[in-house]
Amino acid sequence: MLILKSKQQNLAMFFLLGLGYFSVMSHLEINYFLKSLIAIAPIQVVAIIYVTYLRWSRQPPVGELKIKN
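Not measured: the values here are computed from a predicted model. (Residues numbered from 1 in each chain as written. Predicted model: local features only at pLDDT ≥ 70, side-chain atom pairs only at ≥ 80, totals over all residues. Heavy atoms only, no water.)

A few words now on the overall build of the chain. Looking only at helices and strands, the chain has two helices and zero strands in total. Across the 69 residues that make up the chain, the buried fraction comes to 4%. Taken as a whole, the chain presents about 7000 Å² of accessible surface, with 70% of it coming from carbon and sulfur. (Helix = DSSP H or I, 4+ residues; strand = E, 2+ residues; numbered from the N terminus. Buried < 20%, exposed > 50% of the residue type's maximum accessible area, 1.4 Å probe, protein only. Areas by Shrake-Rupley, 256 points an atom, 1.4 Å probe, with all protein chains shown as cover.)

Next comes the structure, spelled out in structure tokens:
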């Protein structure tokens, strides 16, 4: 039996999800410009979330105090 690690399962799931998403987007009968904007929107949202997460999870530089509420 094939044993997949968690990272491999996540990659496979995201690959199938992306494949299905772009397959559906290619069959929609809407304006080409709107279709291209809608197709790229999830990638942009994921990129913004990823960059924001990296910024907030980063440790402050030495000598700089981090203000906690």
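What follows deals with a nonpolar patch on the surface. On the surface, V24, L28, I30, F33, L34, L37 and I38 cluster together into a nonpolar patch covering about 610 Å² of accessible area. Considering each element in turn, the nonpolar patch owes the most residues, four residues, to helix 2 (residues 32-57). Position of I30 relative to the elements: it lies in the loop between helix 1 (6-27) and helix 2. (Patch = residues over 30% accessible without salt bridge, like charges linked within 9 Å, V, L, I, M, F, W, Y side chains within 5 Å. Salt bridge = Lys/Arg side-chain N within 4 Å of Asp/Glu carboxyl O.)

The next subject is the packing of helix 1 against helix 2. In helix packing, the relevant descriptors are the interaxial angle and the interaxial distance, both defined with respect to the helix axes. For the pair helix 1 and helix 2, interaxial distance at closest approach is 10 Å and the crossing angle is 170°. Judged by the angle between their axes, helix 1 and helix 2 are roughly antiparallel. Every pair of crossing elements has a handedness; the one defined by helix 1 and helix 2 is right-handed. Every residue of helix 2 that contacts helix 1 at Y21, F22, M25 and S26 is listed here: K35, I38, A39, P42 and I43. The residue inventory of the contact of helix 1 with helix 2, partitioned by class, reads seven nonpolar, one polar and one charged. (Axes fitted to C-alpha atoms, helices over the stretch in contact; angles between N-to-C directions. Parallel < 35°, antiparallel > 145°, perpendicular 65-115°, else oblique. Left-handed = near helix turned anticlockwise from the far one by under 90°. Contact = heavy atoms within 4.5 Å. Nonpolar A, V, L, I, M, F, W, Y, C, P; charged D, E, K, R; others polar.)

Moving on to helix 2. With 26 residues, helix 2 extends 38 Å from end C-alpha to end C-alpha; this agrees with the ideal 38 Å at 1.5 Å per step. Along its length, helix 2 reaches its greatest deviation from straightness, about 35°, at A41, and the proline P42 lies no more than four positions downstream. One side-chain oxygen of the residue at the start of helix 2 lies 3.3 Å from the amide nitrogen of F33, identifying that residue as N31. (Expected span 1.5 Å × (residues − 1). Bend = angle between axes of the 7 residues up to and from the residue. Polar contact = N/O pair within 3.5 Å; in protein donor to acceptor, adjacent residues only side chain to side chain.)

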